[in-house]
Amino acid sequence: MFLKSKPSFQTHVKRLGVWFIAILTAVIPFFPASPLLVTGTVLPGLGTWGLLLLPLIVFVIERFSQPSLRFSCIIGLLSLQGTLNLVNYSAHETLQAEKYHEIDLSEITAITRIGQWDQMTSHIPENATVILGENIFDATDHAAISYWCRIVTAKTATAYIGVRNTDEAGEVWVFDETNCPNPEPVYHVRIGVPGITGGFMPDMANWYQSPLPTPQSQWLICFEAFSILSWDRIAHFNHKQVFVLSNDVWTDPLPTAPLRRKVGNEFSKLYGIDVMFADTGQNMLVLKQIVKFQSEVEWTKDN
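Residues numbered from 1 in each chain as written. Predicted model: local features only at pLDDT ≥ 70, side-chain atom pairs only at ≥ 80, totals over all residues. Heavy atoms only, no water.

Regarding its fold elements, the protein presents nine helices and 10 strands. Buried positions account for 44% of the 303 residues belonging to the protein. (Helix = DSSP H or I, 4+ residues; strand = E, 2+ residues; numbered from the N terminus. Buried < 20%, exposed > 50% of the residue type's maximum accessible area, 1.4 Å probe, protein only.)

And the structure:
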């Protein structure tokens, strides 16, 4: 019978190297490239500490040469996961984040931009709050600004709309009766597409000091939803809800939108932050509490 040799010092160094590389790839700001993206499912609610803890747990489990010890550690990890899921489920049930309906817009048949917008706005009830996707129009498009000001005024509504700024970067503008005809930006993208809408490094100036527009919610645009840096910033300010605006026309037919939702949902579980998505040409968000019964029936039929 042969005795199994213990792992060498070099083997432990290699395993630590894998841990280091996994953490390093997790902080790449532009696209997910790390096995640690599943941390939200394994260790929900632990935030950035979970990203550090998971590879350490795996490293410790691998150090045990006896199968019984490894099995006991795995059972302990599963028990921890179950406990964290129960705690986070209870916390989610008491979350005061506002609930929005996701209205499907993929069946819009109009050819012109105004025709498409007319069909979109038919889903907006009076006194509603709506959120549209990224790059709905350019910041210099005065006709578009006038159109949406007329809509929010007629419906006594508030609209948060993704707008492409003069530097090609994305912003979120708020349209309501008080600020039209001069709508105000409430968010400017911090992490753009390298060489297209941003540099190769994120705008880290005042990353954790800059004021945020609302006390309970925050915004992410396009590739920011893939970035652990963005989610950590939102968690730092104790936000309970994040809205992700996107426009994936230029990446079609790549499945960018489904991938963004999967990654965003993982980060949502990891940090305990409610997340909703508004994709240009695919859907918009309407605040649930103020959607009238007729609109709810129409929304149910559409979905």
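Still more to cover.
Before going further, it helps to spend a moment on the pattern of salt bridges. Taken as a whole, this structure holds six salt bridges when the rule is applied. With a shortest N-O distance of 3.1 Å, Arg-261 and Glu-102 are connected by a salt bridge. Here Arg-261, found in helix α8 (residues 256–271), pairs with Glu-102, found in strand β1 (residues 100–104); they are 159 residues apart in sequence, far enough to count as distant. Classification of Arg-261 by relative accessible area gives partly exposed; the value is 23%. With its nearest N and O atoms 2.7 Å apart, the salt bridge here joins Arg-164 to Asp-138. (Salt bridge = Lys/Arg side-chain N within 4 Å of Asp/Glu carboxyl O.)

With that out of the way, let us pick up the nonpolar core. Of all hydrophobic cores here, the largest spans 43 residues; its most connected members are Ile-131, Trp-219, Trp-231 and Phe-243. Not counting chain neighbours up to four residues away, the residues in contact with Trp-231 comprise Leu-220, Glu-224, Ala-225, Val-242, Gly-264, Phe-267, Ser-268, Tyr-271, Ile-273 and Val-275. Of all hydrophobic cores here, the second largest spans 27 residues; its members include Tyr-147, Trp-148, Ile-161 and Cys-180. (Core = buried A, V, L, I, M, F, W, Y, C linked by side-chain atoms within 4.5 Å. Contact = heavy atoms within 4.5 Å.)

Turning to the packing of helix α7 (residues 228–236) against α8, a few remarks are in order. For the pair α7 and α8, interaxial distance at closest approach is 11 Å and the crossing angle is 35°. Note on packing geometry: the crossing formed by α7 with α8 is right-handed. Across from Ile-228, Trp-231, Asp-232 and Ala-235 in α7, the residues of α8 making contact are Gly-264, Phe-267, Ser-268, Leu-270 and Tyr-271. Each residue belonging to the contact of α7 with α8 can be placed in one class, and the counts come to six nonpolar, two polar and one charged. (Axes fitted to C-alpha atoms, helices over the stretch in contact; angles between N-to-C directions. Left-handed = near helix turned anticlockwise from the far one by under 90°. Nonpolar A, V, L, I, M, F, W, Y, C, P; charged D, E, K, R; others polar.)

Here the focus is the confidence of the model for the protein. For the protein, the mean per-residue pLDDT works out to 78, and 70% of the residues sit at or above 70. Segment residues 289–303 is flagged for pLDDT under 50; beyond a separation of four residues in sequence, or across chains, it makes 22 contacts in the model. (pLDDT = per-residue confidence, 0-100.)

The peptide bond linking Cys-180 to Pro-181 adopts the cis configuration, its omega dihedral lying at 10°. Counting through the fold element by element, Pro-181 comes out in the loop between β5 (170–175) and β6 (184–188). Residues other than glycine seldom take positive phi values, yet Asn-238 does so here, at roughly 60°. Tracing the sequence through the fold places Asn-238 in the loop between α7 and β8 (241–246). Given the relative accessible area of 49%, Asn-238 is considered partly exposed.

What the rule picks out here adds up to 12 aromatic pairs. With a centroid separation of 6.2 Å and an interplanar angle of 80°, the aromatic rings of Phe-137 and Phe-175 are classed as edge-to-face. Of the two residues, Phe-137 sits in strand β3 (residues 137–138) while Phe-175 sits in strand β5, which places them 38 residues apart along the sequence. For Phe-137, a relative accessible area of 3% corresponds to the buried category. Seen in terms of ring centroids, Tyr-160 and Trp-219 are 5.0 Å apart; in terms of plane orientation they differ by 40°. Their pairing is tilted. Residue Tyr-160 is located in strand β4 (residues 158–164), and its partner Trp-219 is located in strand β7 (residues 217–221); the two are separated by 59 residues in the primary sequence. The burial state of Tyr-160 is the same as that of Trp-219; both residues are buried. (Phe/Tyr/Trp six-rings, centres within 6.5 Å; stacked < 30°, edge-to-face > 60°.)

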